[in-house]
Amino acid sequence: MSTIRIAIDGPSGAGKSTLAKGLAGILGFLYVDTGAIYRTVGLHVLNKGIDPAEEEEVARSLPELQIELRYDGAGQQRMLLNGEDVSEAIRLPEVSRAASAVSALPPVRAYLLETQRELARKHNLVMDGRDIGTVVLPDAEVKIFLTASPEARAKRRCLELEARGTPQAFEAVLRDIEERDWRDSHREAAPLRQAEDAVLLDTTALDFSQSQEALLKIIREKVSI
Ligand code: DC
């Protein structure tokens, strides 16, 4: 039996992971946060003292990397790097920057492609990232491009960082978001872009439940679940 695949792409801070996780819970699907996988590679590279932009060195370090996705009792995705749970460590700002740098490298993308496709062959899922609808699952049943203004995204990121006890100034967060947007959408390998057959949802003026409603409507128009 073939699986149902819901691909959600968009820039950082658009609410992808919170919304995708919520949707997966409602639908009883697996939630796969592919950004967390790139972040784990970024952390691995930092741990090894490698410059995340050095393609050859990063590529040479990939065979030493063992990444595992686990799901806890609450259905939360946990990331294991060489057997160690790094789910919290991968959220640090320096790891965000390293993830953005390694994710621009073709050997890294090629290395992670099959892992992501394998999950989609086995499970009904909601997978979020940057290239899910364009590269990883180009024939996904549902494709959504989720976005919001940079200011709205920076505001949400600030609240998130504050809740985690690591507050940062709005201006710095906004600058970081704009830089990452630029890098993620201007890289040569699988840049962030909306798939032609993806439905665009702008959440700038929507709260969480309005965004979730809008997403469920889009999904139910495409598949009967
Ligand atoms: O969604 P996130 O912020 O956790 O993603 C971390 C970085 O990984 C981000 O800079 C973009 C990159 N990424 C990617 O290139 N492709 C994906 N499918 C997911 C994330």
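Further up the page is the structure itself.
Procedures and definitions
Residues numbered from 1 in each chain as written. Predicted model: local features only at pLDDT ≥ 70, side-chain atom pairs only at ≥ 80, totals over all residues. Heavy atoms only, no water. Helix = DSSP H or I, 4+ residues; strand = E, 2+ residues; numbered from the N terminus. Rg over C-alpha atoms; globule rule 2.2 N^0.38 Å. Contact = heavy atoms within 4.5 Å. Areas by Shrake-Rupley, 256 points an atom, 1.4 Å probe, with all protein chains shown as cover. Lys, Arg positive; Asp, Glu negative; His and termini not counted. Charge placed at Lys NZ, Arg CZ, Asp CG, Glu CD. Expected span 1.5 Å × (residues − 1). Buried < 20%, exposed > 50% of the residue type's maximum accessible area, 1.4 Å probe, protein only. Arc of directions from axis to C-beta. Core = buried A, V, L, I, M, F, W, Y, C linked by side-chain atoms within 4.5 Å. Near = heavy atom within 4 Å. Polar contact = N/O pair within 3.5 Å; in protein donor to acceptor, adjacent residues only side chain to side chain. Nonpolar A, V, L, I, M, F, W, Y, C, P; charged D, E, K, R; others polar. 1 Å grid on protein atoms, 1.4 Å probe; cavity = no way out; pocket = protein on both sides within 12 Å on 5 of 7 lines; lining within 4 Å. Points joined across faces, edges and corners; volume = space filled by probe spheres on them. Axes fitted to C-alpha atoms, helices over the stretch in contact; angles between N-to-C directions. Parallel < 35°, antiparallel > 145°, perpendicular 65-115°, else oblique. Left-handed = near helix turned anticlockwise from the far one by under 90°. Salt bridge = Lys/Arg side-chain N within 4 Å of Asp/Glu carboxyl O.

When its secondary structure is counted, the protein shows nine helices and eight strands. The globule rule puts the C-alpha radius of gyration for 225 residues at 17 Å, and the 17 Å found for the protein is close to it. For the protein, the share of sequence-separated contacts (at least 6 apart) that also reach a separation of at least 24 residues comes to 72%. Of the roughly 11000 Å² that the protein leaves accessible, carbon and sulfur atoms contribute 51%. In the protein, 29 side chains carry a positive charge and 36 a negative one; their mean positions are 3 Å apart.

Here we come to helix H1 (residues 16–27). Relative to the 16 Å expected for twelve residues at 1.5 Å per residue, H1 spans 16 Å between its end C-alpha atoms, a close match to the ideal helical length. What H1 keeps buried is the set Lys 16, Leu 19, Ala 20, Leu 23, Ala 24 and Leu 27. Buried residues of H1, viewed axially, fall in a sector of 135 degrees; they line one side. Taken together, the buried residues of H1 touch strand S1 (5–9), strand S2 (30–33), strand S6 (125–129), strand S7 (142–147) and helix H9 (208–222). Positive backbone phi, at 75 degrees, marks Gly 28, one or two positions downstream of H1.

Grouped together as the largest cluster of nonpolar side chains are 31 residues, with contacts concentrated most on Val 108, Leu 125 and Leu 137. Breaking this core down by element, the ones donating at least two residues are S2, helix H2 (34–47), strand S4 (77–81), helix H4 (93–102), helix H5 (106–122), S6 and helix H6 (132–136). In terms of residues, this core owes the most to one element, H2, which gives six residues. With residues up to four places along the chain from it excluded, the contact list for Leu 137 reads Arg 5, Ala 120, Leu 125, Met 127, Ile 132 and Lys 143.

Time to look at the site of the ligand. Around the ligand sit 16 residues in total, of which Arg 39, Arg 109, Arg 130, Asp 131 and Arg 187 are the nearest. Measuring from an oxygen atom of the ligand, one finds a side-chain N or O atom of Arg 39 at 2.6 Å. Here Arg 187 contributes a side-chain N or O atom positioned 2.9 Å from an oxygen atom of the ligand. Against a free-state accessible area of 450 Å², the protein chains account for coverage of 96% of the ligand. Within the residue set of the shell around the ligand, elements represented by two or more residues are H2, H4 and helix H8 (170–186). Residue contributions to the shell around the ligand peak at four residues, all from H2. Class assignment of the residues belonging to the shell around the ligand gives a composition of three nonpolar, five polar and eight charged.

Turning next to empty space enclosed by the protein. Following the criterion strictly, the structure yields one cavity of 30 Å³ or more and no others. The calculated volume of the largest cavity comes to roughly 30 Å³. Around the largest cavity, the lining residues are Ala 7, Asp 9, Gly 133, Lys 143, Ile 144, Phe 145, Arg 193, Gln 194, Ala 195 and Ala 198. Contributions of two or more residues to the lining of the largest cavity are made by S1 and S7.

The next subject is the packing of H2 against H5. The geometry of H2 relative to H5 is characterised by a closest axis approach of 11 Å and an angle of 135 degrees between their N-to-C directions. One way to sum up the angle between H2 and H5 is to call them oblique. The way H2 lies across H5 gives a crossing that is right-handed. Touching Thr 34, Ile 37, Tyr 38 and Val 41 of H2 are Val 108, Arg 109, Leu 112 and Gln 116, all from H5. Of the residues belonging to the contact of H2 with H5, the class tally is five nonpolar, two polar and one charged.

It is worth spelling out the pattern of salt bridges at this point. Evaluation of the coordinates by the stated rule reveals 19 salt bridges. A salt bridge links Glu 88 to Arg 78; the shortest N-O distance between them is 3.2 Å. Of the two residues, Glu 88 sits in the loop between strand S5 (84–85) and H4 while Arg 78 sits in strand S4, which places them ten residues apart along the sequence. Notably, a salt bridge pairs Asp 184 with Arg 187, separated by 3.9 Å at the nearest N-O pair. Salt bridges here are not isolated pairs; linked through shared partners, they connect Glu 114, Glu 118, Arg 121 and Lys 122.

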